[in-house]
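# Secondary and tertiary structure notes
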Amino acid sequence: MVCSVSICAGEIFELKAELNSDKKEKKKEAVKKVIASMTVGKDVSALFPDVVNCMQTDNLELKKLVYLYLMNYAKSQPDMAIMAVNTFVKDCEDANPLIRALAVRTMGCIRVDKITEYLCEPLRKCLKDEDPYVRKTAAVCVAKLHDINAQLVEDQGFLDTLKDLISDSNPMVVANAVAALSEIAESHPNSNLLDLNPQSINKLLTALNECTEWGQIFILDCLANYTPRDDRESQSICERVTPRLSHANSAVVLSAVKVLMKFMEMLPKDLDYYSTLLKKLAPPLVTLLSAEPELQYVALRNINLIVQKRPEILKHEMKVFFVKYNDPIYVKLEKLDIMIRLASQANIAQVLAELKEYATEVDVDFVRKAVRAIGRCAIKVEQSAERCVSTLLDLIQTKVNYVVQEAIVVIKDIFRKYPNKYESVIATLCENLDSLDEPEARAAMIWIVGEYAERIDNADELLESFLEGFHDESTQVQLQLLTAIVKLFLKKPTETQELVQQVLSLATQDSDNPDLRDRGYIYWRLLSTDPVAAKEVVLAEKPLISEETDLIEPTLLEELICHIGTLASVYHKPPSAFVEGSRGVMHKRLPARTGSGESTESPDVGAAGGSAPEAAPSIIPSQGDLLGDLLNLDMAPPTTSGPPPPSTGMQMGGMDLLGGGLDSLVGISHSVDPYLGGDIGGSPAMGAGFGAAPAVMPASLNAPVGGGLGDLFDLGGVGMPMGAYIPPKIVWLPAMKAKGLEISGTFARRAGVIQMELILTNKAMSVMTDFAIQFNRNSFGLAPAGPLQVLTPLGPNQTIEVSLPLSTVGPVMKMDPLNNLQVAVKNNIDVFYFSCQYPISMLFVEDGKMERQVFLATWKDIPNDNESQFQIKDCHLNSDAASSKLQGSNIFTIAKRTVEGQDMLYMSIKLSNGIWVLAELRVQAGNPNYTEREI
């Protein structure tokens, strides 16, 4: 805000006299004085009529100064600003194109409604002016006028004229037209102003080579919003954009990287050009790191996103991210983060040597981060864990206080990741107990002592030493100390009874902290009523910590990749998080790979296009990202948008569709999850064009191991005598993760309809209503066939069973594992997300019995490479009983023959998407082990 400074009447009088002088030079000097006074905050609005009179001049410099004055004071003096309109209109027809452009630019900057209506005719003429400089200025003026009065711009047809300018012969006019349309489109996300097609894209790419650097940025940003029709068009655009990577302007480079990162999603990974493009992306990113620190930081924040999405681009450039002695701290920390993301078995020795060096620096914050980075490397690269622990022990021996404390914090995480492996270092840690003064380090040490109390002879003495100053400790330490002493008591009850009573008394009677008090009461009640339950709760096996706890959630990462080169990529937040008003609310997504069976125009979350990195860590999705904005979830039955149902014609392919053959169906031998054993991942028969799913899997899923696709032979499951197998219900969403709503469920197939059977339990204190459900895209197109029928409010402590019929005509996207289903449930309290896995046998359709002749011909035609063989162990059923039981799950026996006392059953299975599986099951009387071949 400009502060107003008083100006004396005498000075105003002198300036007025000079402005009305007959001498042009004196008049120009007077206007300069007025502008100078205005610049320092003096109020010279009293001179408005006199300055406006100076507009009638051929002197371009004087005209610019007067226009500058007008732009500043027109809003406060709208009635007087009308006086200048005639001059503006006249100047728009001047012979000099600079004056025409200046007039239309100034009129666009004067944000006064009374003037805008006079601007329309001059603007229309300037948009069709013969001089490109005037046209490019007029294009920007349309965007400014739209901001003042959008309806006027639409009524006057200026938007259509702007669209025509995209085909202009001058590249700068094209760039400004694109910039203006993009800005208008951002403020009106639902308008389809930039209706790009291959022809207009070709024109933009032609203009790209000839316009200025800022024009190139506008065009590249526009290209990034285009979705190519196929991978061939993607490759063509990438080839024409790639030369921009060598531009001197870093903004152009980042905009080009954004376009390439987006269009790479549509290129097949086995394409030669794909690997060439990966190699071309590395050098420009490395070059950005030789700029000044501020630019380096922006580049590093963008590289951080790129590395999370495609680490292979920079996997050979680790040395570039090594810290220099004169780097500012913000650059050092960002480089450190990227180093950890790029760390692999191949370069871990180099990284550890560098990190150890950093741990001896003088900058305390940087040293702390370096020590923590060593721990993160141990968690990420398992083969390096021992070397990392050794490095941390060396650092502990330095006895530098803050180094020791950070080392203890990260060693606690290493213990969590690799239980019963490195506990031999506990003695060394205990030696440094007295030097710990930071809450996080004290809490970590207390956790270690409590967790491994049985291995520490004087664990009770160590914890008692912390207890002496209990009330002076931070809440974090108090909570950890309470839990550790309870653990110690459960492991050594006879020796520590007095200690546990003391800590429970301190926590419940002497503490004002509600969290501490509540935990104390829970432990007290557990210990006094059911010590066995207390042991199960407090000493329960802990889940292994994730490889990366700071990865950006996949759907947010995709959006940020679409905003490379903007503030969003520096903040690592979507524009809607920090841009006020209507702008920035449009969520962008990467396109799906071609052939994935998805609509490439769909902006739904989950279209994660490219294959996720192998063994991507599980990340709990942030609210609002997994399935889009489900707070506005429609309560009506979901529409079945997406691809048409797959053809029912026979499809064959060389894959192990059942994971572990029939073994994964019966869940006896080597299954690894409740419903699906083995890896269906790269099955060619599923279509090579499937887009990879983001690796989103809530950590709360503690499903029982070993159920395979359901124990179809009733070997330890809940089976039906002669019907389809229904797995037992398991908890999909615990109450603690969903504000009191617990969801258990299973899947069943009845009369050809797949049912999702849910048990909803309200463990909260408030009534739950308005239930709705939605699925993310999945491998077999599962979608609700109707709304979730919860007809009555669900009161506290009430439970209701609901059966939700499912269809298989929803949108398709390959998931990992293949039978993973991501679900969102909405009620009046919130939206909750969880993942579950459906038994693939639910997809076996009733018309899966193949004709004998067709079976025989197909079996003979399939090459041996497409065959898999498995052992099914401990199944005490004869061949007839096995055949009967499998038929209940739509696994049909086509033929049976006996060879050398061994029954051979030939079976066919058809999935809901038309894919066929042929199998041979060998059963020998008296032998509980079956052999199964699958094609």
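This write-up is about the structure you can find in this document. All values reported here derive from a predicted model rather than from experimental measurement.

All right, on to the overall build of the protein chain then. Per the secondary structure count, the protein chain includes 35 helices and 13 strands. Every one of the 935 residues in the protein chain was classed for burial, and the buried ones make up 54%. Restricting the contact set of the protein chain to residue pairs at least 6 apart, pairs at least 24 apart contribute 69%. Surface accessibility of the protein chain: about 41300 Å² in total, with carbon and sulfur atoms responsible for 50%.

So, about the pairing of strand β2 (residues 741-750). Put simply, side chains in a regular strand alternate between the two faces of the sheet. In terms of residue burial, β2 counts as a mostly covered element, since 9 of its 10 residues are buried. Bridging between strand β1 (residues 730-733) and β2 involves 3 bridges; their strand directions are antiparallel. Residue Val731 lies in a different strand from β2, and its bridge partner there is Ser744. Alignment of β2 against strand β3 (residues 753-762), held across 10 bridges, turns out to be antiparallel. Each residue of the ladder has a partner; that of Ala748, found in β3, is Gln755. With antiparallel pairing between neighbouring strands as the criterion, β2 and β3 make up a hairpin whose turn holds 2 residues, including Ala751 at a positive phi of roughly 55 degrees.

Below, the discussion takes up the packing of helix α22 (residues 385-396) against helix α23 (residues 401-417). Closest axis-to-axis distance for the α22/α23 pair is 9 Å, and the angle between their directions is 155 degrees. By the angle between their directions, the pair α22 and α23 is classed as roughly antiparallel. The handedness of the crossing between α22 and α23 is left-handed. Contacts from Val389, Leu392, Leu395 and Ile396 in α22 reach Val403, Val404, Ala407, Val410, Ile411 and Ile414 in α23. Here the contact of α22 with α23 is built from residues that sort into 10 nonpolar, no polar and no charged.

What follows covers the sheet that holds strand β8 (residues 831-837). Within the open sheet, the 3 strands sit side by side as β4-β7-β8. Their pairing is antiparallel. Two strands close off the open sheet at either side, each with one partner strand: β4 (772-775) and β8. Strand-to-strand twist across the sheet, computed as the mean angle between neighbouring axes with direction ignored, equals 25 degrees. Inspection of the sheet shows β4 paired to strand β7 (residues 820-826) by 4 bridges, in the antiparallel sense. Bridging from a neighbouring strand, Gln774 pairs with Ala824 of β7.

Our next topic: the nonpolar core. The biggest cluster of nonpolar side chains holds 211 residues, and the ones touching the most others in it are Tyr69, Leu70, Leu123 and Phe415. Residues within four places of Leu70 in sequence aside, it is in contact with Phe48, Val52, Met55, Ala84, Phe88 and Ile110. Within the second largest apolar cluster, 47 residues are counted, among which are Ile754, Leu794, Tyr838 and Val917.

For the peptide bond that leads from Asp816 to Pro817, omega is 0 degrees, which places it in the cis range. Assignment of secondary structure puts Pro817 in the loop between β6 (799-807) and β7. Of note, the phi angle at His572 is positive, near 60 degrees, even though the residue is not glycine. For His572, the location among the structural elements is in the loop between α32 (567-571) and α33 (662-666). Residue class for His572 comes out buried when judged on its relative accessible area of 16%. One non-glycine residue with positive phi stands out, namely Ala751, at about 55 degrees. Checked against the element boundaries, Ala751 lands in the loop between β2 and β3.

Take the packing of helix α13 (residues 198-208) against helix α15 (residues 231-241) next. Orientation of α13 relative to α15, taken along the N-to-C sense of each, is 15 degrees, at an axis distance of 10 Å. Considering the angle they form, α13 stands roughly parallel to α15. Of the two elements, α13 crosses α15, and the hand of that crossing is left-handed. Contact residues: α13 offers Pro198, Ile201, Asn202, Leu205, Thr206 and Leu208, while α15 offers Glu233, Ile237, Arg240 and Val241. Its residues assigned to classes, the contact of α13 with α15 shows 6 nonpolar, 2 polar and 2 charged.

The subject of this paragraph is the pattern of salt bridges. Side-chain pairing between opposite charges can occur once the charged atoms of the two side chains come close. Summed over all chains, the structure comprises 32 salt bridges. The partner of Lys356 in a salt bridge is Asp394, and the shortest N-O contact between them spans 3.2 Å. Here the residue Lys356 occupies a position in helix α20 (residues 348-358), and Asp394 occupies one in helix α22, the gap between them amounting to 38 residues. Judged by relative accessible area, Asp394 falls into the partly exposed class, the value being 38%. Beyond isolated ion pairs, a larger network of salt bridges with shared partners links Arg368, Arg372, Glu406, Glu438 and Glu440.

With antiparallel pairing, 5 strands are arranged side by side in an open sheet as β1-β2-β3-β6-β5. In this open sheet, the two edge strands, each paired with only one partner strand, are β1 and β5 (783-784). Here β5 runs beside β6; their pairing, made up of 2 bridges, is antiparallel. Within β6, the position partnered with Pro784 by the bridge is Leu806.

Before going further, it helps to spend a moment on helix α4 (residues 60-73). Spanning 14 residues, α4 covers 20 Å between terminal C-alpha atoms, matching the ideal 20 Å at 1.5 Å per step. For α4, the set of buried residues is Leu62, Lys63, Leu65, Val66, Tyr67, Tyr69, Leu70 and Tyr73. Residues of α4 that are buried make contact with α2 (24-39), α3 (48-53), α6 (85-91) and α7 (97-109).

Okay, helix α9 (residues 132-148) next. With 17 residues, α9 ought to run about 24 Å at 1.5 Å a step, and its terminal C-alpha atoms sit 25 Å apart, in line with that. For α9, the full list of buried residues reads Val134, Arg135, Thr137, Ala138, Ala139, Cys141, Val142, Ala143, Leu145, His146 and Ile148. Against α7, α8 (113-127), α10 (150-155), α11 (158-165) and α12 (171-187) lie the buried residues of α9.

Following the sequence through the fold, Leu145 ends up in helix α9. Considering only alpha carbons, one finds Leu145 and Leu119, 26 residues apart in sequence, at a separation of 8.9 Å. Setting aside its immediate chain neighbours within four residues, Leu145 contacts Thr116, Leu119, Leu123, Ala150, Leu152, Val153 and Phe158.

This part is about the state of the cysteines. This structure, assessed with the given rule, holds 0 disulfides. This cysteine, Cys120, is not joined by any disulfide, and Cys141 carries the nearest cysteine sulfur, 9.6 Å off.

The topology assignment puts Tyr274 in helix α17 (residues 272-288). Taking relative accessible area as the criterion, Tyr274 reaches 4% and is therefore assigned buried.

Next up on the list: a negative patch on the surface. On the surface, Glu461, Glu464, Glu468 and Glu498 cluster together into a negatively charged patch. A residue is classified by how much of its surface remains accessible, and Glu461, at 52% relative accessible area, is exposed.

Quick notes on the rules
Residues numbered from 1 in each chain as written. Predicted model: local features only at pLDDT ≥ 70, side-chain atom pairs only at ≥ 80, totals over all residues. Heavy atoms only, no water. Helix = DSSP H or I, 4+ residues; strand = E, 2+ residues; numbered from the N terminus. Buried < 20%, exposed > 50% of the residue type's maximum accessible area, 1.4 Å probe, protein only. Contact = heavy atoms within 4.5 Å. Areas by Shrake-Rupley, 256 points an atom, 1.4 Å probe, with all protein chains shown as cover. Pairing = 2+ DSSP bridges. Axes fitted to C-alpha atoms, helices over the stretch in contact; angles between N-to-C directions. Parallel < 35°, antiparallel > 145°, perpendicular 65-115°, else oblique. Left-handed = near helix turned anticlockwise from the far one by under 90°. Nonpolar A, V, L, I, M, F, W, Y, C, P; charged D, E, K, R; others polar. Core = buried A, V, L, I, M, F, W, Y, C linked by side-chain atoms within 4.5 Å. Salt bridge = Lys/Arg side-chain N within 4 Å of Asp/Glu carboxyl O. Expected span 1.5 Å × (residues − 1). Disulfide = S-S within 2.5 Å. Patch = residues over 30% accessible without salt bridge, like charges linked within 9 Å, V, L, I, M, F, W, Y side chains within 5 Å. Lys, Arg positive; Asp, Glu negative; His and termini not counted. Charge placed at Lys NZ, Arg CZ, Asp CG, Glu CD.

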